[in-house]
Amino acid sequence: SPAVLNLTLVDLPGMTKVSVGDQPIDIEDQIRGMCLSFISNPNAIILAVTAGNQDLANSDALKLAKEADPEGERTIGVLTKLDLMDPGTDASE
């Protein structure tokens, strides 16, 4: 429709720390560079996905998003796996 904007969704790979199998030794740098090349576009909306059982202060996705979008104007944080959160924790806090 001419009244609706085009939207392209790009599902980027998760951040990797260690190469496995036949992955190149610099897989972490390659993925980081690829992700930054997409999210650095000022027209990109960044969905920073982090597991609910992970400390947000250690989130690679949020760290990378902050590099590309320091003010957080294009970043939406998404928590997944809330069912795996430690007992006694609360996602609403």
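The structure contained in this document is the topic of the report that follows.

Looking at helix α1 (residues 27-39)
Residues spaced three or four apart along an α-helix face the same direction, because each turn holds 3.6 residues.
1) Next: Taking 1.5 Å per residue as the helical rise, α1 with its 13 residues ought to reach 18 Å, and the 18 Å between its terminal C-alpha atoms agrees with that figure.
2) Next: Of all the positions in α1, only I27, I31, C35, L36 and I39 are classed as buried. For α1, the angular spread of buried residues about the axis comes to 160 degrees, placing them on one side. Opposite the packed face of α1, turned more than 90 degrees from it, sit the exposed residues D29 and S37.
3) Next: Tucked into the core, α1 has its buried residues touching β1 (46-51) and α2 (60-68).

Notes on unusual backbone geometry
Only a minority of non-glycine residues have a phi that is not negative, and only a minority of peptide bonds are not trans.
1) Next: In this structure, K81 is a non-glycine residue whose phi angle is positive, near 55 degrees.
2) Next: Looking at the element boundaries, K81 is found in the segment after β2 (75-80).
3) Next: Using a relative accessible area of 47% as the deciding quantity, one classes K81 as partly exposed.

How each quantity is defined
Residues numbered from 1 in each chain as written. Predicted model: local features only at pLDDT ≥ 70, side-chain atom pairs only at ≥ 80, totals over all residues. Heavy atoms only, no water. Helix = DSSP H or I, 4+ residues; strand = E, 2+ residues; numbered from the N terminus. Expected span 1.5 Å × (residues − 1). Buried < 20%, exposed > 50% of the residue type's maximum accessible area, 1.4 Å probe, protein only. Arc of directions from axis to C-beta. Contact = heavy atoms within 4.5 Å.

Without other data, these values stay purely geometric and don't point to any function.
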